[in-house]
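Summary of structural features
If you want the building blocks of each chain, they are given just below.
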Amino acid sequence: FWPEVAGDAARRNLKINVHRLRKLLPENTLVWTEGKLSLNTNQVWADLWALERELNRLDQSPPADAPEQAALVDRVFRLYRGEFLSKNIAPWVLAARERLRHKTLRIVARAAEAISQRDPTAAIPIYEKAIELDPLHESLYQGFMRCYLALHQPAEVEHVYRRCRHVLKRELGLAPSPTTEALHQTPKPGE
């Protein structure tokens, strides 16, 4: 907090400010553990902590329970409101932001795939929201297309394919992968 101040003076400043802060906050809100200052998780709610808890629950939920997984995904999306500390470019923030984004997408994509096996209709909004978080994540489009294939909705398969192709071309200068092309070419009912 005070990079221009010598170590002992900085430590003294910290203790004085923590003492003042403790007078303003409810008792036992601040916790010193092994020389580290933190917030008491039993008394303080933080959206990041809540998101991490829901992600862990979703990650450990049984794939056979599609309704429960869908409810957990919904809670994750309500808690994940965009990039972590989006205006901050400190290296530790960038690393934490990318870790959280990657973890969220990985767990949500796995849940969407499991949900789509039992209820493709329930997986569609999950894929839609996940693609909003990462429009370049091609496997999300593939899962989205598989849902519409399972529901015999060829026009929607075509729509998702074109959207994927457009985004990949515009952002990366790439064509869809052979897997995406194969899904697009899957025979539709009536063909």
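What comes next is a walk through the structure. Remember, predicted model here, so these are calculated numbers, not experimental data.

1. Description of the nonpolar core
- Counting residues in hydrophobic clusters, the biggest one holds 41 residues, and the most contacted among them are Leu 58 and Val 108.
- At the level of secondary structure, the elements contributing two or more residues to this core comprise α2 (47-60), α3 (66-79), α4 (91-118), α5 (120-133), α6 (138-150) and α7 (154-172).
- With 9 residues, the top contributor of residues to this core is α4.

2. Let's talk about the packing of α6 against helix α8 (residues 178-185)
- In the contact formed by α6 and α8, the axes pass within 10 Å of each other and the chain directions differ by 15 degrees. One way to sum up the angle between α6 and α8 is to call them roughly parallel. Between α6 and α8 lies a crossing whose hand is left-handed. Of the residues in α8, those in contact with Glu 138, Gln 142, Met 145, Arg 146 and Leu 149 of α6 are Thr 179, Thr 180, Leu 183 and His 184.
- When grouped by side-chain class, the residues that make up the contact of α6 with α8 number 3 nonpolar, 4 polar and 2 charged.

3. Some thoughts on the state of the cysteines
- Under the counting rule described, the total for this entry stands at 0 disulfides.
- Cys 147 carries a free sulfur, and the closest cysteine sulfur to it, the one in Cys 164, is 15 Å from it.

4. Points about the environment of Trp 32
- Positionally, Trp 32 belongs in strand β1 (residues 30-33).
- With a relative accessible area of 37%, Trp 32 lands in the partly exposed category.
- Here the alpha-carbon distance between Trp 32 and Pro 135, two residues 103 residues apart in the chain, equals 42 Å.
- Not counting residues within four places of it along the chain, the set of residues in contact with Trp 32 comprises Leu 14, Val 18, Arg 22 and Leu 37.

What counts, and where the lines are drawn
- Residues numbered from 1 in each chain as written.
- Predicted model: local features only at pLDDT ≥ 70, side-chain atom pairs only at ≥ 80, totals over all residues.
- Heavy atoms only, no water.
- Core = buried A, V, L, I, M, F, W, Y, C linked by side-chain atoms within 4.5 Å.
- Buried < 20%, exposed > 50% of the residue type's maximum accessible area, 1.4 Å probe, protein only.
- Helix = DSSP H or I, 4+ residues; strand = E, 2+ residues; numbered from the N terminus.
- Axes fitted to C-alpha atoms, helices over the stretch in contact; angles between N-to-C directions.
- Parallel < 35°, antiparallel > 145°, perpendicular 65-115°, else oblique.
- Left-handed = near helix turned anticlockwise from the far one by under 90°.
- Contact = heavy atoms within 4.5 Å.
- Nonpolar A, V, L, I, M, F, W, Y, C, P; charged D, E, K, R; others polar.
- Disulfide = S-S within 2.5 Å.

Treat this as a map of the structure, not an account of what it does.
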